[in-house]
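# Residue-level structural notes
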2 protein chains.
Amino acid sequence: MNDVPTTVAAICRTLTARIAGGEFSADGKLPSERALSEQFSTTRITLQEALGQLEAQGVIYRQMRRGWFISPPRLIYNPLQRSHFHAMAQQQGRDAHTEVIDSGRVTANAALARRLELPEGAKIYRIRRLRYIDGRAVLYCEHYLNPAYFAGILSEDLTQSLTGLYAERYDIRYGRVRFDMLPTLLPQQAAAMLKVTYGSPALFITRVNRDQHDRVIDCDLEYWRYDALHIDVEAR
Amino acid sequence: MNDVPTTVAAICRTLTARIAGGEFSADGKLPSERALSEQFSTTRITLQEALGQLEAQGVIYRQMRRGWFISPPRLIYNPLQRSHFHAMAQQQGRDAHTEVIDSGRVTANAALARRLELPEGAKIYRIRRLRYIDGRAVLYCEHYLNPAYFAGILSEDLTQSLTGLYAERYDIRYGRVRFDMLPTLLPQQAAAMLKVTYGSPALFITRVNRDQHDRVIDCDLEYWRYDALHIDVEAR
């Protein structure tokens, strides 16, 4: 990258070293752009170029109206391991929590009906949730359930793991899962929920889940912050 | 998404229908923003909002200084199937070709040395390539090879499949592969090669490949246009 001015590269190196040294770890917040420009005796433009490069590397991220923060480590997501969100976070020493946005009955559009193997226009359950790692919203998720298998589920506490609830109340365990992962740009609602700019990059994961009897039981649409996860797959 | 003005939604629906109807399929190019604003009797701002939504859905994409184009279908990439780029494209009825940017010996930095299980500072082969689907650059790739296994490879025709070359000339076949996939923003060089804006979203895939004797033979760093692929994994 010979066409990057040295100052940008130097700012990146220095900031990376200061971050690694724990300088900003109290609250994870970097000084303001104005303060940083002064510290580096550089222009705002050059500084922003450097911050943009660190953002591209996933080292820092911007919060709307709040400034720049150090990125927490990405969550490692192995689609071949059958672990749910809370368990996955815990195994990696992270703190997870889930907020329910809403839940109810909706009409399946053509795409959802096909995925759930139901007729178009069928009534299905929708649960919309926001999931946090270490206090940062990282995942906006829409769960679509075939109501035939989950009578009464909407009156349960839906902040808990659905995996656990399925097993305990319905004796339903996950069998085969089909993952479709698309790098995408965040649609408006997901961006608003995750408090990032509309059109920010994201990973959009569609999971179609079958149970131990190979019946399609639900379909999840997951929008992940692009810098929040890391997919890890080993093939033999 | 109740806060989207009807006009934006209406423009999206109409354009999606016109695209599906094959109206722009001769060269895949949409009319200019000015022409589209006139056709929809709307402002440039509203039109751009609609185009942005279609871009987020991966329906259209922008080429620097050339305008808006219909997105070709995403390539389906199943990390569990051991298929190389050209074969994968062909199986999906797509036309693939590869351009070599450069090749040579470089010094392994700490991260590459660790991945290749070599000492830091070891000399390794680097091959940089750009890969096209149906004439569009979709993948910027850096291959790092342990030179111990590939004597003389840099004088071969490197536009061909390395998988094929490994097998024919070196009797080396892929064994286990480790994939790390990170949604990211394109770094400067990859963006310039793919002719997209620096900082555009991308999927960054690191593959560490072992051979039939379980030796680490090479490591690929792949930057994919975010709208060019679709990861498909089924877990049992």
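Residues numbered from 1 in each chain as written. Chains lettered and ligands numbered in written order. Predicted model: local features only at pLDDT ≥ 70, side-chain atom pairs only at ≥ 80, totals over all residues. Heavy atoms only, no water.

In the nomenclature of an unreviewed UniProt entry, chain A corresponds to HTH-type transcriptional repressor yvoA from the organism Serratia ficaria.

## Description of the overall build of chain A
When helices and strands are tallied, chain A shows seven helices and 10 strands. Each of the three principal axes of chain A carries a C-alpha extent, and together these read 65 × 35 × 35 Å. Burial analysis of chain A (236 residues in total) assigns 53% to the buried set. Put simply, of all contacts in chain A between residues at least 6 apart along the chain, 56% involve residues at least 24 apart. In the structure as shown, chain A presents an accessible area of about 10,800 Å², 49% of it carried by carbon and sulfur atoms. Of the charged side chains in chain A, 30 are positive and 27 negative; the average position of the first set lies 2 Å away from that of the second. (Helix = DSSP H or I, 4+ residues; strand = E, 2+ residues; numbered from the N terminus. Buried < 20%, exposed > 50% of the residue type's maximum accessible area, 1.4 Å probe, protein only. Contact = heavy atoms within 4.5 Å. Areas by Shrake-Rupley, 256 points an atom, 1.4 Å probe, with all protein chains shown as cover. Lys, Arg positive; Asp, Glu negative; His and termini not counted. Charge placed at Lys NZ, Arg CZ, Asp CG, Glu CD.)

## With respect to the pattern of salt bridges
The final tally for this structure, using the stated rule, is 36 salt bridges over all chains. Close ionic contact of Asp211(A) with Arg215(A) constitutes a salt bridge, the shortest N to O distance being 2.8 Å. Residue class for Asp211(A) comes out buried when judged on its relative accessible area of 1%. A salt bridge links Glu234(A) to Arg176(B); its shortest N-O distance comes to 3.3 Å. Of this pair, Glu234(A) sits in strand S10 (residues 229-235) while Arg176(B) is found in strand S7 (residues 174-185), placing the two residues in two different chains. Salt bridges linked by common partners bring Glu117(A), Arg176(A), Arg210(A), Asp214(A) and Glu234(B) together as one network. (Salt bridge = Lys/Arg side-chain N within 4 Å of Asp/Glu carboxyl O.)

## Topic: the pairing of strand S6 (residues 136-145) of chain B
Residues and elements named next belong to chain B. The buried fraction of S6 amounts to 10 of the 10 residues, a majority that puts the element mostly inside the structure. Where strand S5 (residues 123-133) meets S6, nine bridges bridge the pair, whose relative direction is antiparallel. The residue of S6 that forms the bridge with Arg126 is Tyr144. In sequence, S5 turns back onto S6 through a hairpin of two residues, with Asp134 there showing a positive phi of about 45°. (Pairing = 2+ DSSP bridges.)

## Quick notes on the sheet that holds strand S10 (residues 229-235) of chain B
Strand order in this open sheet of eight strands is S4(A)-S5(A)-S6(A)-S9(A)-S8(A)-S7(A)-S10(B)-S3(B), and the pairing throughout is mixed. The sheet is open, and its two edges are formed by strand S4 (96-107) of chain A together with strand S3 (75-77) of chain B, each paired on a single side. Going across the sheet, the axis of each strand differs from the next one's by a mean of 20°, ignoring polarity. For strand S6 (residues 136-145) of chain A and strand S9 (residues 216-225) of chain A, the ladder comprises seven bridges, and the chain directions are antiparallel. (Axes fitted to C-alpha atoms, helices over the stretch in contact; angles between N-to-C directions.)

## Comments concerning the environment of Leu130(B)
Residue and element names in this part refer to chain B. Its location among the elements puts Leu130 in strand S5. Note on Leu130: relative accessible area 3%, which makes it buried. Residues Leu130 and Ile101, spaced 29 residues apart in sequence, show a C-alpha to C-alpha distance of 6.8 Å. In this view, Leu130 contacts His97, Thr98, Glu99, Ile101, Ala137, Leu139, Tyr140, Met193 and Leu194; residues no more than four positions away in its chain are not counted.

## What to know about the relation of the copies chain B and chain A
Placing chain B over chain A gives an RMSD of 0.0 Å and needs a rotation angle of 180°, together with 0.0 Å of translation along the axis. Each copy turns onto its partner about a two-fold axis. Nearest to the rotation axis, the C-alpha of Pro201(B) is located 2.7 Å from it, this being the minimum over chain B. (Least-squares fit on C-alpha atoms with pLDDT ≥ 70 in both.)

## Quick word on the sheet that holds strand S3 (residues 75-77) of chain A
Sheet architecture is open: eight strands sit in the order S3(A)-S10(A)-S7(B)-S8(B)-S9(B)-S6(B)-S5(B)-S4(B), paired in mixed fashion. Each edge of the sheet is formed by a strand with only one pairing partner; in this case those strands are S3 of chain A together with strand S4 (96-107) of chain B. Across the sheet, the mean angle separating the axes of adjacent strands is 20° when strand polarity is ignored. Judged from the nine bridges that link them, strand S8 (residues 201-211) of chain B and strand S9 (residues 216-225) of chain B form a sheet pairing that is antiparallel. By the bridge assignment, Val208(B) is partnered in S9(B) with Cys219(B).

## Side note on the side chain of Thr184(B)
Along the chain, Thr184(B) turns up in strand S7. Every residue in contact with Thr184(B), bar those within four places of it in the chain, is listed here: Ala56(A), Tyr226(A), Ser200(B), Pro201(B), Ala202(B), Phe204(B) and Tyr223(B).

## Notes on the pairing of strand S8 (residues 201-211) of chain A
Looking along a regular strand, one sees side chains alternate from face to face of the sheet. Residue and element names in this part refer to chain A. With 11 of its 11 residues buried, S8 lies for the most part within the structure. Along S8, one buried face is formed by Pro201, Leu203, Ile205, Arg207, Asn209 and Asp211 and the opposite face, lined by Ala202, Phe204, Thr206, Val208 and Arg210, is buried too. Judged from the 10 bridges that link them, strand S7 (residues 174-185) and S8 form a sheet pairing that is antiparallel. Bridged to Leu185 within S8 is Pro201. Counting the residues in the hairpin turn of S8 and S9 gives four residues, including Asp214, whose phi is positive at 65°.

## Considerations on the interface of chain B and chain A
Interfaces are frequently sized by the accessible area removed from exposure as the parts join. In this complex, chain B contributes 37 residues to the contact, which on the side of chain A involves 37 residues. For the chain B and chain A pair, buried surface summed over both sides reaches about 3,600 Å², with 56% attributable to carbon and sulfur atoms. Here chain B and chain A share four salt bridges between them. At the junction of chain B and chain A, the tally comes to 14 residue pairs in polar contact (both at pLDDT 80 or more). Of all elements in the fold, only helix H3 (44-56), S7, helix H7 (188-194), S8 and S10 of chain B reach the threshold of two or more residues within the side of chain B that touches chain A. Ranked by residues supplied to the side of chain B that touches chain A, first place goes to S7(B) with 11 residues. Grouping the amino acids of the side of chain B that touches chain A by side-chain chemistry returns 20 nonpolar, six polar and 11 charged. (Buried area = accessible area lost by both parts, 1.4 Å probe. Polar contact = N/O pair within 3.5 Å; in protein donor to acceptor, adjacent residues only side chain to side chain. Nonpolar A, V, L, I, M, F, W, Y, C, P; charged D, E, K, R; others polar.)

## A word on helix H3 (residues 44-56) of chain A
Residue and element names in this part refer to chain A. Given a rise of 1.5 Å per residue, 13 residues ought to cover 18 Å, and the 18 Å separating the end C-alpha atoms of H3 matches this to within 8%. Every buried residue of H3 is listed here: Thr46, Leu47, Ala50, Leu51, Gln53, Leu54, Glu55 and Ala56. With its phi angle positive at about 80°, Gly58 sits one or two positions after the end of H3. (Expected span 1.5 Å × (residues − 1).)

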